[in-house]
Amino acid sequence: AAAARGYVAVVATTGDDAEGEQRAAEVLLDRNVDALIIASSRRVDSFPQSLQESGIPLALVLRTDGVSPSSLGDDEVGGYLAVRHLIDLGHRDIALVTGPDFTSSARDRLAGALRAAREGGIEIPEHRIAGDGFRIEHGAAAAERILDATVVPPTAIFAANDNLALGVMAASHRHGLRIGTDLALVGYNDVPLAEALPVPLTSVRTSFDQIATTALELLLTPGIGSVIRRAMPTL
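Criteria and thresholds
Residues numbered from 1 in each chain as written. Predicted model: local features only at pLDDT ≥ 70, side-chain atom pairs only at ≥ 80, totals over all residues. Heavy atoms only, no water. 1 Å grid on protein atoms, 1.4 Å probe; cavity = no way out; pocket = protein on both sides within 12 Å on 5 of 7 lines; lining within 4 Å. Points joined across faces, edges and corners; volume = space filled by probe spheres on them. Nonpolar A, V, L, I, M, F, W, Y, C, P; charged D, E, K, R; others polar. Pairing = 2+ DSSP bridges. Helix = DSSP H or I, 4+ residues; strand = E, 2+ residues; numbered from the N terminus. Contact = heavy atoms within 4.5 Å. Axes fitted to C-alpha atoms, helices over the stretch in contact; angles between N-to-C directions. Parallel < 35°, antiparallel > 145°, perpendicular 65-115°, else oblique. Left-handed = near helix turned anticlockwise from the far one by under 90°. Salt bridge = Lys/Arg side-chain N within 4 Å of Asp/Glu carboxyl O.

1. Let's talk about the layout of surface pockets
In step 1: Empty space within the second largest pocket amounts to approximately 170 Å³.
In step 2: Around the second largest pocket sit 13 residues that line it, and P57, L58, T221, G223 and I224 are the ones nearest its centre.
In step 3: Looking at the lining of the second largest pocket residue by residue, the classes come out as eight nonpolar, five polar and no charged.

The structure is reproduced here in structure tokens:
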């Protein structure tokens with residue numbers, strides 16, 4: 001999206017660490033980049049605001065702090081679609097593997113999932129909800145906690161991203177559960193690997209291309225203010 005507008009994208013990874021994010025921004029700004037796109041913002045985060053107050057153009061992607069210009073998917077709708085799908089398949093005992101609470105994406109996907117459950121007349125107890133990160137190992141650890149909590153495992157799990165779903169697959173295998181037979185599984189993001197797995201992973205897709213293009217539009221629109229644009233996901 002940047003190249004289409006004559007820009008070069010310089011990427012710095014931070015491991016979702018707040019201090020690492022600030023260090024990366026400082027290094028990039030020292031090299032006179034024109035603007036910043038931040039994909040690791042937190043729901044309560046003063047850093048984007050301090051950058052804007054310094055006159056630095058920026059846009060948040062995939063997550064939002066609720067204030068800064070942001071381009072992301074409608075995560076609440078996505079979480080709803082995932083659990084609604086499981087309910088429509090007849091599942092009543094559903095577990096949720098979620099991401100870190102400090103991210104808008106994890107919180108909104110969880111909220112959408114719980115809304116679908118309420119509409120379906122299903123209560124998801126606390127011991128069926130686990131997760132505190134977005135990596136494969138976080139998904140495996142959360143699934144282990146859920147599967148160890150009761151003698152009878154859930155019949156379906158919604159994982160808040162596809163990495164978490166891969167972790168759920170690993171934990172399920174260790175517990176002797178077959179994905180697609182003993183346990184239904186839905187992920188989020190529809191990464192290319194999802195359809196190449198031995199049992200293709202059902203996943204919620206949001207157009208990253210659309211999110212990226214919108215982020216560049218926000219950057220290049222002077223005085224845009226607190227605009228938050230959400231792309232609609234599909235199952």
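2. Quick look at the sheet that holds strand β8 (residues 202-204)
In step 1: One open sheet accounts for five strands, arranged β5-β4-β6-β7-β8; its pairing is parallel. The open sheet has two edge strands with one neighbour each: β5 (129-130) and β8.
In step 2: Where strand β6 (residues 156-159) lies against strand β7 (residues 184-188), three bridges are found, and the strand directions are parallel. Counted as the bridge partner of F158 is V186 from β7.
In step 3: Helix-sheet contacts for helix α3 (residues 75-88) involve β4 (94-97), β6, β7 and β8, and the interaxial angle to β7 is about 165°.
In step 4: Sheet strands in contact with helix α5 (residues 136-149) are β4 and β5, and its direction is about 145° off that of β4.

3. As for the packing of α3 against helix α4 (residues 104-119)
In step 1: The N-to-C vectors of α3 and α4 enclose an angle of 40°; their axes lie 6 Å apart at closest approach. Between α3 and α4, the crossing angle belongs to the class labelled oblique. At the point where α3 passes α4, the crossing takes the right-handed sense. For the pair α3 and α4, contact is made by D75, E76, G79, Y80, V83, R84 and I87 and by S105, D108, R109, A111, G112, A113, R115, A116, A117 and E119, respectively.
In step 2: Looking at the contact of α3 with α4, its residues break down into seven nonpolar, three polar and seven charged.

4. Quick look at the pattern of salt bridges
In step 1: Using the criterion set out here, one finds 13 salt bridges in the structure.
In step 2: A salt bridge links D88 to R84; its shortest N-O distance comes to 3.1 Å. Of this pair, D88 and R84 both sit in helix α3, separated by four residues, roughly a single helical turn.
In step 3: Linking R178 and D182 is a salt bridge whose minimum nitrogen-to-oxygen distance equals 3.2 Å.

5. A closer look at the side chain of T206
In step 1: Examined against the element boundaries, T206 turns out to sit in the loop between β8 and α7 (208-219).
In step 2: Here T206 is in contact with G73, Y188, I211, A231 and P233, once residues within four sequence places are set aside.

6. Observations concerning the side chain of E144
In step 1: Locating E144 in the fold gives a position in helix α5.
In step 2: When residues no more than four places from it in sequence are discounted, the contact partners of E144 are A171, R174 and H175.

7. Observations regarding the sheet that holds strand β2 (residues 58-61)
In step 1: Pairing is parallel in the open sheet, where four strands are placed in the order β1-β2-β3-β9. Only two strands of the sheet have a single partner each, and these edge strands are β1 (36-38) and β9 (228-231). Here the average twist between neighbouring strands, direction ignored, is 20°.
In step 2: Across four bridges, strand β3 (residues 70-73) lies against β9 in parallel orientation. Directly across from S70, in β9, lies its bridge partner I228.

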